[in-house]
Structures are given as C-alpha cells and as structure tokens.
There are 4 protein chains.
Amino acid sequence: MEPIKHIKITKGEKASKIIKDMASCGFGARHLSQATNILEQSIKDKECKLFLGFAGALVPGGMKEIIIDMLEQNYIDIFVTTGANLTHDLIEALGFKHYKRTEKLDDKELNKKGIDRIYNVLMKNQVYGKIEDFFTKNFNYLSKAKSPKEFLWKLGSLVKKRSILQTCYKKKIPIFCPALTDSGIGLMIWGQLIRKKKINLDFFRDVHDIIELSWQSKKTAVFYIGGGVPKNFIQQTMQFTRPAIYGVQITTDRPEPGGSSGAPLKEGISWGKMAARAKFVDVFCDATIALPLIHAALKDRIK
Amino acid sequence: MEPIKHIKITKGEKASKIIKDMASCGFGARHLSQATNILEQSIKDKECKLFLGFAGALVPGGMKEIIIDMLEQNYIDIFVTTGANLTHDLIEALGFKHYKRTEKLDDKELNKKGIDRIYNVLMKNQVYGKIEDFFTKNFNYLSKAKSPKEFLWKLGSLVKKRSILQTCYKKKIPIFCPALTDSGIGLMIWGQLIRKKKINLDFFRDVHDIIELSWQSKKTAVFYIGGGVPKNFIQQTMQFTRPAIYGVQITTDRPEPGGSSGAPLKEGISWGKMAARAKFVDVFCDATIALPLIHAALKDRIK
Amino acid sequence: MEPIKHIKITKGEKASKIIKDMASCGFGARHLSQATNILEQSIKDKECKLFLGFAGALVPGGMKEIIIDMLEQNYIDIFVTTGANLTHDLIEALGFKHYKRTEKLDDKELNKKGIDRIYNVLMKNQVYGKIEDFFTKNFNYLSKAKSPKEFLWKLGSLVKKRSILQTCYKKKIPIFCPALTDSGIGLMIWGQLIRKKKINLDFFRDVHDIIELSWQSKKTAVFYIGGGVPKNFIQQTMQFTRPAIYGVQITTDRPEPGGSSGAPLKEGISWGKMAARAKFVDVFCDATIALPLIHAALKDRIK
Amino acid sequence: MEPIKHIKITKGEKASKIIKDMASCGFGARHLSQATNILEQSIKDKECKLFLGFAGALVPGGMKEIIIDMLEQNYIDIFVTTGANLTHDLIEALGFKHYKRTEKLDDKELNKKGIDRIYNVLMKNQVYGKIEDFFTKNFNYLSKAKSPKEFLWKLGSLVKKRSILQTCYKKKIPIFCPALTDSGIGLMIWGQLIRKKKINLDFFRDVHDIIELSWQSKKTAVFYIGGGVPKNFIQQTMQFTRPAIYGVQITTDRPEPGGSSGAPLKEGISWGKMAARAKFVDVFCDATIALPLIHAALKDRIK
C-alpha cells in the first residue's frame, strides 16, 4: 500500500508540480492528477488519436485560448463540440466580446439593456445582428459545404481572428457539431433559408466521417469536457468501431439520474465504448478550474 | 408572511394531496408543488402551447407511459427530445425490453455477456441487430421523409406497439430531435447509407417548423426534463419568437459551471427566452422521482 | 433478468402505489422504492432498533409532523439530530413560526427587518429573545440535567405544544445531540452561564448511552436524513458495537470530496459500520421530497 | 463592462499566475480567483481575525501540510474543525499512515483485512488500538483539561510529530471542536471513562471562548472548507458578536435542500452572520483541488 503524502506548497510553485504532487493525495486532487497522466500518455502515444468532446459554455468562460493551444500543439486529433461554443467562438472571431458580470444587474434589467447572461458572463444581444450580416455576406461561399464539418471549416477559413474555428481549419482538424441547428449558427443558416438561399448539409456524412476517423486510428482516446451531445457522439463512434483505451471526463453532473452526461466512464465498458483494460478517470470539477491546471501540466511534460 | 405548515400524512394518502400540501413546506418540496401549479395553469390555458424538452435516459428509466399519457391527454403540444430516448422507445416498440440491474455483475462481465448498462438499467446489445433489420426492411418508406420531424412520424406510423413515437404520429404532435445523428437511430440511417441507400433530411426545416409553431402560438410554456439539446433548442426558439410565460425545469445539474443544462430558468429572462413576468420554477430532483408525482397531481386536477 | 415496467398513473393515485411501482423503474425512482422496503422491513423486525440521524434544516422545511408521527408510531427507536433542528422545534413549541419566503426581499432588506433566511424559509430574529426568556425562567430545572440527552428530555417535558422534543420526552425515546453547543439552544445555555448560572452536562455520557443502546439491541438499522454529525455519531456507534443490517440514506452531497455526509453506505462495510450482508440503499433526493413519500408508503404498509 | 480575457498558459506556469488570470475568466475559475483575493485581503488586514472552519476528511485527503503551513504563517487565527480531522491528524502524529487505494479491493474484502476506506483513501483499523494505548498512557495529564479546547492543546503538547494539533499548541492558536464526542478521540475518552477514569470537559466554555475571541477582534473574516458543525459554530459566533467582513466558502453541497453546509454565504447577511457590505464568494469545488491552488497563490502574495 502506498502512503498518502501531504502536499507541500513552496513560494512560486508551478502548477505542474502541484498537479504531480496531487497524485499522492486523496479525493478529487488525485483524480485531477490521474487525468493529467492519462492525457499525457494518450498524447505521447503516436498511434493513438485523441477525440475531444467539448460541451458547456467554455468559450464564454474564458477557455478558448487553452483549446486553441491544445489544437495547435496537436494534442487533439478530432474535435466535437456544441453549436453554442462555436457560435461564441465566431462572435469573438468577428471582433465582439464577452464580459464579466460585475454590476449586480438582475435579469430583467439586463434584458432591457439588451444584455444576455451566462451565469457570471455577459454578452450584448446586438451581436446576433452582426453575425447575421456576416452570414448574409458570405452565405454563397458557405452554402457550398456538403456537411456540417465542411461548413465549419469554411467558416474557419473566413474569419480573420485567432479562434477555434480558424485553428481547426488551418490545421485541418476535423470538427463535428451534430446539433448544429441547435445554436446561433443554426439560426443564422435558417435566417438565410427564409430569404430563399439554399444549403444542403448532410448530417449523416459527419457520422460517416467520424466513424472512418476512428476506424483509421490504431488506438483511440477520449477526453470529455462536459457531457451532452459531444460526449455521446464520440461514445457511439467508439461503440461501433473500437473502444477507447484512454479516457478522461470532467463533469459535475450526477450519475444517479441515469443521463449520459453524468455517467461515469466505467459504464462505457459494458457498451464497448471503453476498453475493459483502458486507463480512465472521472474528474468531478468545474472545467474552468480543472482545464487550465491540466493544460499547464501537459505543457510542461510534452515537448 | 405565510407560515410554514408542516405536512401531515394519513393512511392511504393520495400523491396529489401530498403535492398540494408541499406548497406550504420549504426547500425542494415547495418547488415540486409550484412546478405542478405552473404546469396545471399552462395546460389549462387554452391559448398556451406547452413545449416539452425531454432529455436524459428516461425511457430506460421507466417513464415512457407517463410521457405517452401526457401526449394523449393533450398536456404536451410540441415534443423535443434526444435521439437516445427515441432509440430506446423504438427498441421497446419493436418488442425488446430494458431490464433492472439486480445481479451485481460488473461492466466487464456485462460486456462479455453482451449487455449494455445505463446506471441501474440494462439492455441486450443484440437489439441493435434487430433494429437494423427493421431499418433495412422499411428504409424505402422512411427515406421519403424530408426532415427529421417527418422521419420520426414515419417511424411512428410503422411501429405496432404503444410508444412515444406511435403516439406522436397518431396525434400529429410535432416531434423534434435536433441531434438525431447522435443516437442509435442516427447510426441505423448511416448503416443504410453505406449500403448505397439514399436519404435527404433537411435539419434546418425543423428549425423553421418549431419557430413557426411558436409564432402561431398566442402564448408559450416550457417544460424541461433534463437539459441538453432539447432544452436549448426550445430556448433558442423562444428567444427568436416570444418568451415563455410559464416554465418548469427538472434537473440535478449545477449552475456554477455555466452550462445550459444547469442554468436556472431565471437566466433566460435576460435573453428574452423567458418573459420577465413569467411564472417559473426550477426543481432540483431526479426526474424519475419528480415526474410521476407531478403527473399524478395533474391527472387529479385536469379533466 | 427482470424487465423495467413503465410506471402508469391513474386518477387519484395513492402515493404508496407510486412508491411501490417505482421498484420496477430505473435510477432514483427505484432507490426511493427500495428505501421504503428496507425501512418497512427494519421497522417490522421487532428485534431491530432503528437509529435515525436527522440533519439539515428539516423542521423549518415543514417535516416536523412526519418526524413526530414516526416517533409516535414507534418507527424510530433512537433519535440523533442537530442542535439547529431542536432549536427550530423549540421555537415552534413556544408558539413562534417559520414563514414561506414569498416576497422577493433580498438578504440586506431581510436583515434590516430582522428576518433570518433559510433558503426559501424565513424566521423572525426576535424569537431569540423569546427563547432566552424561556431559558431564564426554566434554567434552574433544566440545569439539573447531567447529560445533553437528559437536558433535552427536560426541555421536552416543559414545552406545552406538540413537538419533536415533547414527543421524545413523552415516549422516552433517547434523543442525542452531540453538537448541542453548536446551536441556538447551546447559545441560550451559554447566555445563562454568563449570568453566573451553573450547568454540568457530561457529553461523554451520551456516547456511553448510545453505545449501550446499540449493545442492547439484537439488530440495528440506520436511517440517515442528511449527513453531518448525526450520521457520523451513529456510524461510530455501529463501528464499535455491531454493524447495521439495514440502512437508508437520503442525501444530495457528492461522494468524491471524501466527506462523511456524501459517503455511500457501502463504504461503511469496510469499517464494520454496515454489515457485509446488510440491505441498504442511498437515495439522492431532497429530503423534503423523499421523506413524505416514504412515510406515506410506510403508513400504508405498517399497522 | 470588463471583457473576459481568455486564460493563456505558458510552459512552467506558476499556480499563482493561473489563479490571478482566472479573475478574467467566467464561472468557477473566477470564483476561485476571487476567493484568493478575499483571503489575501483578510490576512493582510492586521485588524482582522480569520476564523477557519475545516470539515470533511481533509487530513486523510492529503491537505495536512497546507493547513499546518497556514497556521504557521499566521494566516489562520482561530481554528474550528471536526473530531474526525483531529483524530486522523493524531493518528499520523503517532506515526501511522493513510494509504492510497490502488488495488480494487471491495469493501467486504477491506473489512476482512481490517482496512477502513474513506473514498479513495485507506487506513488500517489497528490504529484504534494504538491510539487507545496512547490515551491510556497519557490520560492523567489530558484529563486535567477543563474544556475541549484545553484538551486539544494538551494533546498537541504530547505528540512528537509535526501535526495540526502540535502546531496549534505551539502557536497557541485556539482550536475548537464542538462535536468532539463524535469522533475517534471522543471514543477514546469514553474508553477511559469506562475504566473509571474521570474527565470533566465544559463544552460551553468553548462557546464562551470563541465568542470572546470574536468580541476582541476589530474585524472578522470567515473561511469555510466544507460545512457542517465547524461552519455553523463560526456562523453563530458571528451572529451573536459581529458579522464577518470577508468570507470564503469551498463546498460542493447543494443549496436547495436548505442545509447549512450548502447555504451560500449571502444567506448569512439576513442573519447578521455576514456584513451587508462584506466581500465574499462561494467556491463550488472539491477542496483538495481548490485549497492547494489558493494556498500557492497566497504564499506568493503574502510576505
């Protein structure tokens, strides 16, 4: 039996040192440390493709640069996310911002001022008009896409600012958004269609493409930040191709009510989504806390 | 100030009586009671259309009959759900079952036996082969659908057993599943496409249809069981049409990490998803506990 | 394998019927049903003593009458609770009330008006003055107590209104409150001591007494509503006497951070707090929702 | 409105830099950053006394050295904790260890091997015999204590190893444990009493002492790690003396069920536990993750 070693902090302590030392603590600290180890291994394993499922409102939450860095550093091979994250990424890529909620305005006052609230983050509602202009201007080009994945790459090719969309396009990282219609971007496309523009996105081509990507991988790893559709879309891909041999999940959802978002990774073994001998860990933590720490440790460990 | 009245239980107590009395208690009991009142009002308000967002794995969880009854009783006007719930509904509609996890088999053993686990519910993996046969047999008919909504109604027209799909079809209740590709049903369609079958589902037509349904309603009400895409898809519809004047949400997700699933309904006021003067309540409870109780009370109150 | 049976609700449905049917559902519904079965068995097992650990603010939450009924019906043999619950019980026993928070006053306004808030329940701060008068008047009698348990029975003998304190006194149900100093009652005693009154409560006598009660039981059962000191005090008693053979826990705390309140009952097997072959279940639910339902079912099942 | 600045991580990033940058992110990251700022201010404010309420099983969780360092650095002025934390501190101070759960032994196997489990941390049950020997040897000295606080200092004076108990004793930091009987230490005292030893600890003297300490402070600050009795004991002290002007709480408990452990600090304003103009924040995070980060930042900021 290995003893618990109490974590000691010295002045100027590096985040990566703390993450390493947490391996000898208990509870969530150890899980966070294990998650970092597992991600490190999966990234260093050159035969292994890492599928990131990225849900939640983490772009408004300030996590965009970390994701971009992870994409640029080739940590992430396949990127699956929500329309919301991509819409917020696009909003910033077009020059608009999210804001800290500092004043104690209530939701009625915010509504009168045209400000949308995401917990302690704000956004001006007028950005919808601006992205509508962008779509109107560029829809002829965008509408040549045949699948959501192609559409999102085209979107990434158009934006001028550093963003998740642009990075995925530049690095040709496949980007999947199965519920694209459920987002501001989806509404913008609808807005063009009611103006008699045409587009024909084949959502099943994305199913085909992600399954192919998994088949072509010798090994697969999964990294779920939040649950929702991104997690499930990767899970079903693993189930019908090959189970993942590494897995990390960051979520604060409960397992008891039975939903996929709160289900522990272990459950995936029964389905063949996770290999019986896989290395995996569930981290119960707000991702805006866990992700910067994990990334700091990964950057110190991976050349 | 109204005093707390301690709830008293007598022999043979009706569920609806308990729900009513919970109005004078504190904490979650009061929320559950308020939720029932709000749903009752929204259902009795003949000018108001109730949009149900139904996420989670509630069909495997044993909630199917309640949803069917709510649809049959005209409580629900527009139904938005996940591909998972519809896949599990289809599985049962084709004669297969879900099972209680009673033996303490671990996930590795379950995997060897070909059994998939959803928390404390099990399913035989072989059902996938069976629904594949069903799709192969019926794909010519199904593939005539032009949108996911049409596709799901066609599916409902084919199944012989009482089910959510069949009920929505028979009663012509619009059924939306924005992330249909992210489900067993989505995989089955993909399975046909690789056999050179064709289908062309326009996912944006569903955006158009739900927006029209909201525009055509004099008033709207929202009922979210779980969060995820179903909630957000209704929320964005409200935002771009008219804010809901009644709202009930049942979720166990945390608000702090900023995701839509855990966001309190109040936040929707800033966005114009919820009317500033709306009646609404968040219920923090496992839906398999809350839903039967709410439904029991509604059945006693609504003729 | 036993199939999931979908719960059906008919008009006028009894709560106990719903609880029974939940046994064939999944997720939390099944846990709630199992909890009721386990409590029923432990109450009907005449050789078994049921230890209730009752934490949280459930008296302000409107659960007092259920607890009193459980005590009167001899469901509960040993009662362990927090000073807060007893203080709020005393407040009502002296004729004061708790109130529903209906107006949207914020905490600063409430403070100015002298109103204390417990989530959605309110209390007038002036009650502290009133219970101080009560203590001043009765302290000579109360101070003859030798242990917290004796003190609480004396308190129960003094109050004129139906209450938990009075019921425990009348029925001679042992009542333990290990953190009595951490409560309004504790402060009231301190208030007497600074007026040079004397009292000498031996807190270790209560440890002795609860251990004796467990030793004298042929079998033990535990029922934890919330965690905290009440749960742990019973747990340590079981550990040093005999492990419980029945166990039910209602809590919404997370297990991952390692605290006793969120720890699943299963963990207790390693310590010898719970018998390896015990029947037990953890219910993840707000106790103000779960408790009335469980009690309604118990009343229908136990003569 | 201040914009969200996306956090950027560079190689070798210091934890304190990450914590600082989190101030410009959203969700939990910002809360963690604010918590650090508030603690920094309260520690640097020489007129302000910081009361730490320390619950949970954080000694087994590997947080002991951080607490000792906080005590040694004079960050903490008054220390309130559970008997469990002190028992585990004593166990290590007497030379025994906690262990990482690495093998997948289940609770029944652990029980057979005499190993107690605390989530993912283990302890040999035989330590109880060892601390019993320690109490038998030293009880004459220990039993001269007149209050739990005195008793705990005496305990701290006896142990030879670096520990929380020893540090509080050496630095004369008041240490309160209102539910001392609810712990291994409590059981050890009971074990002496049944051998006819005597001790007379006045638990109300501790109420008196902590109230005096608060009265003597010009300003007070509160830091709650976990809830339970430690939080409530400090809260009631604030309520009856002076409201805190700084507050930080780390908890993963839900507010909805109404218990003190999950109650947001804001609620304390109504009671006069927290000043209306206080700076305070609730951090929703496993303390084994949040505490090392906060401490790393504090060490860099406070000379």
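In this text, all values refer to a predicted model and were calculated from it rather than measured experimentally.

1. A look at the overall build of chain A
- Across its full length, chain A carries 13 helices and 9 strands.
- In terms of overall size, chain A behaves like a compact globule, its C-alpha atoms giving a radius of gyration of 20 Å where 303 residues would be expected to give roughly 19 Å.
- Considering only C-alpha atoms, chain A reaches an extent of 70 × 50 × 40 Å along its principal axes.
- Looking at chain A as a whole, 63% of its 303 residues qualify as buried.
- Long-range contacts, defined here as pairs at least 24 residues apart, represent 76% of the contacts in chain A between residues at least 6 apart.

2. Some points on the relation of the copies chain D and chain A
- You can overlay chain D on chain A at an RMSD of 0.0 Å; the transform is a turn of 180° with a shift of 0.0 Å along its axis. Interpreted geometrically, this transformation is the action of a two-fold axis.
- A share of 100% of interface residues in chain D that are also interface residues in chain A marks the association as one of identical surfaces.

3. A word on the sheet that holds strand β1 (residues 48–54) of chain B
All names here are of chain B.
- With respect to topology, 6 strands assemble into an open sheet ordered β6-β2-β1-β7-β8-β9, the strand pairing being parallel. Each edge of the open sheet carries a strand with a single partner, namely β6 (175–176) and β9 (274–283).
- Sheet topology note: the strand β7 (residues 219–225)/strand β8 (residues 244–250) ladder contains 5 bridges and is parallel. In the sheet register, A221 faces β8, and the bridge partner there is Y246.

4. Description of the interface of chain D and chain A
- If you look at the interface, chain D gives 51 residues, while chain A gives 51 residues.
- If one sorts the elements of the side of chain D that touches chain A by residue count, helix α13 (residues 287–301) of chain D sits on top with 8 residues.
- Across the side of chain D that touches chain A, the residue classes break down as 24 nonpolar, 12 polar and 15 charged.

5. Thoughts on the pairing of strand β1 (residues 48–54) of chain D
Residue and element names in this part refer to chain D.
- With 6 of 7 residues buried, β1 is to be regarded as a mostly interior element.
- Where β1 meets strand β7 (residues 219–225), 7 bridges bridge the pair, whose relative direction is parallel. Residue pairing across strands places C48 opposite K219, the latter belonging to β7.
- Taken together, the 4 bridges between β1 and strand β2 (residues 78–81) define a ladder with parallel strand orientation. When the bridges of β2 are listed, G53 appears paired with V80.
- Taken together, β1, helix α3 (residues 64–72) and β2 constitute a β-α-β crossover, and its handedness is right-handed.

6. A word on helix α4 (residues 83–93) of chain D
Residue and element names in this part refer to chain D.
- The buried count for α4 comes to 11 of 11 residues, which makes it a mostly enclosed element.
- For α4, the full list of buried residues reads G83, A84, N85, L86, T87, H88, D89, L90, I91, E92 and A93.
- Following α4 by one or two positions, G95 adopts a phi angle in the positive range, close to 100°.

7. Digging into the interface of chain A and chain B
- Contacts between the two partners involve 57 residues from chain A and, on the opposite side, 58 residues from chain B.
- Those elements that provide at least two residues to the side of chain A that touches chain B are α5 (107–113), β4 (115–118), α9 (184–193), α10 (203–215), α11 (228–240) and α12 (267–271) of chain A.
- The class makeup of the residues in the side of chain A that touches chain B is 28 nonpolar, 17 polar and 12 charged.

8. What to know about the relation of the copies chain A and chain B
- Least-squares fitting of chain A to chain B yields an RMSD of 0.0 Å, with the transformation described by 0.0 Å of translation along the axis and a rotation of 180°.
- With an isologous cut-off of 70% or more, the 100% of interface residues of chain A that recur at the interface of chain B puts this contact in the isologous class.

9. Some thoughts on the sheet that holds strand β9 (residues 274–283) of chain A
Residues and elements named next belong to chain A.
- Read across the open sheet, the 6 strands follow the order β6-β2-β1-β7-β8-β9; overall the sheet is parallel. Each of the sheet's edge strands pairs with one partner strand only, and the pair in question is β6 (175–176) and β9.
- Along the sheet face, helix α2 (residues 27–44) touches β1 (48–54), β7 (219–225), β8 (244–250) and β9 and points at about 135° away from the line of β9.
- Set on the sheet, α11 makes contact with β1, β2 (78–81), β6, β7 and β8; between it and β1 the angle comes to about 150°.

10. A look at unusual backbone geometry
- Residues other than glycine seldom take positive phi values, yet N74 of chain A does so here, at roughly 65°.
- Examined against the element boundaries, N74 of chain A turns out to sit in the loop between α3 (64–72) and β2.
- Backbone geometry places K196 of chain B, a non-glycine residue, at a positive phi of 75°.
- Of note, K196 of chain B is situated in the loop between α9 (184–193) and α10 (203–215).
- Residue classification places K196 of chain B among the exposed positions, given that 6 C-beta atoms sit within 10 Å.

11. Details of α11 of chain A
- Between its first and last C-alpha, α11 of chain A extends 19 Å over 13 residues, near the 18 Å set by a 1.5 Å rise per residue.
- Every buried residue belonging to α11 of chain A is among G228, V229, P230, K231, N232, F233, I234, Q235, Q236, T237 and M238 of chain A, and all of these are buried.

12. Remarks on the environment of I38 of chain B
All names here are of chain B.
- As for its position among the elements, I38 is in helix α2 (residues 27–44).
- When the C-alpha atoms of I38 and L110 are compared, they prove to be 43 Å apart, with 72 residues separating the residues in sequence.
- I38 has contacts with Y246, V248, K279, F280 and V281, leaving out every residue within four places of it along the chain.

13. Observations concerning the packing of α10 of chain A against α9 of chain B
- It is the contact of α10 of chain A with α9 of chain B, at a shortest axis distance of 10 Å, that shows an interaxial angle of 85°. The orientation of α10 of chain A with respect to α9 of chain B, classified from their angle, is roughly perpendicular. Facing α10 of chain A, whose interface residues are F204, V207 and H208 of chain A, α9 of chain B presents G186, L187, I189, W190 and L193 of chain B.
- By residue class, the composition of the contact of α10 of chain A with α9 of chain B is 6 nonpolar, 2 polar and no charged.

14. Here we look at the packing of helix α6 (residues 127–142) of chain A against α9 of chain A
Residue and element names in this part refer to chain A.
- Contact pair α6 / α9: the axes reach a minimum separation of 10 Å and the direction vectors enclose 55°. As summarised for this structure, α6 and α9 are arranged oblique, according to the angle between their axes. You can see that α6 and α9 cross each other, and the crossing is right-handed. Of α9, the residues touching α6 (which contributes Y128, I131, E132, F135 and F139) are G184, M188, G191 and Q192.

15. Here we look at the confidence of the model for chain A
- Per-residue pLDDT for chain A averages 97, and the proportion of residues at 70 or more is 100%.
- Under the prediction, the complex receives an ipTM of 0.97, its pTM being 0.97.

16. Comments concerning the pairing of strand β8 (residues 244–250) of chain C
All names here are of chain C.
- For β8, the tally of buried residues reaches 7 of 7 residues, placing the bulk of the element in the interior.
- A crossover links strand β7 (residues 219–225) with its parallel partner β8, the connecting element being helix α11 (residues 228–240), and its sense is right-handed.
- Pairing between β8 and strand β9 (residues 274–283): 6 bridges, direction parallel. From the neighbouring strand, I250 faces β9, where its bridge partner is V283.

17. Quick word on the environment of I118 of chain B
- Structurally, I118 of chain B is set in strand β4 (residues 115–118).
- Other than its neighbours up to four places away in sequence, I118 of chain B contacts G258 of chain A together with A57 and P60 of chain B.

18. Focus on the environment of K130 of chain A
Residue and element names in this part refer to chain A.
- When you line up the elements, K130 lands in helix α6.
- Considered as a pair, K130 and G95 are 35 residues apart in the sequence and their alpha carbons are 9.8 Å apart.
- Beyond its immediate sequence surroundings of up to four residues, K130 is in contact with L94 and F96.

Reading the values: rules and limits
Residues numbered from 1 in each chain as written. Chains lettered and ligands numbered in written order. Predicted model: local features only at pLDDT ≥ 70, side-chain atom pairs only at ≥ 80, totals over all residues. Helix = DSSP H or I, 4+ residues; strand = E, 2+ residues; numbered from the N terminus. Rg over C-alpha atoms; globule rule 2.2 N^0.38 Å. Buried ≥ 20, exposed ≤ 12 C-beta atoms within 10 Å, placed from the backbone. Contact = placed C-beta atoms within 7 Å. Least-squares fit on C-alpha atoms with pLDDT ≥ 70 in both. Pairing = 2+ DSSP bridges. Nonpolar A, V, L, I, M, F, W, Y, C, P; charged D, E, K, R; others polar. Right-handed = clockwise from strand over helix to strand, strands pointing away. Axes fitted to C-alpha atoms, helices over the stretch in contact; angles between N-to-C directions. Expected span 1.5 Å × (residues − 1). Parallel < 35°, antiparallel > 145°, perpendicular 65-115°, else oblique. Left-handed = near helix turned anticlockwise from the far one by under 90°. pLDDT = per-residue confidence, 0-100.

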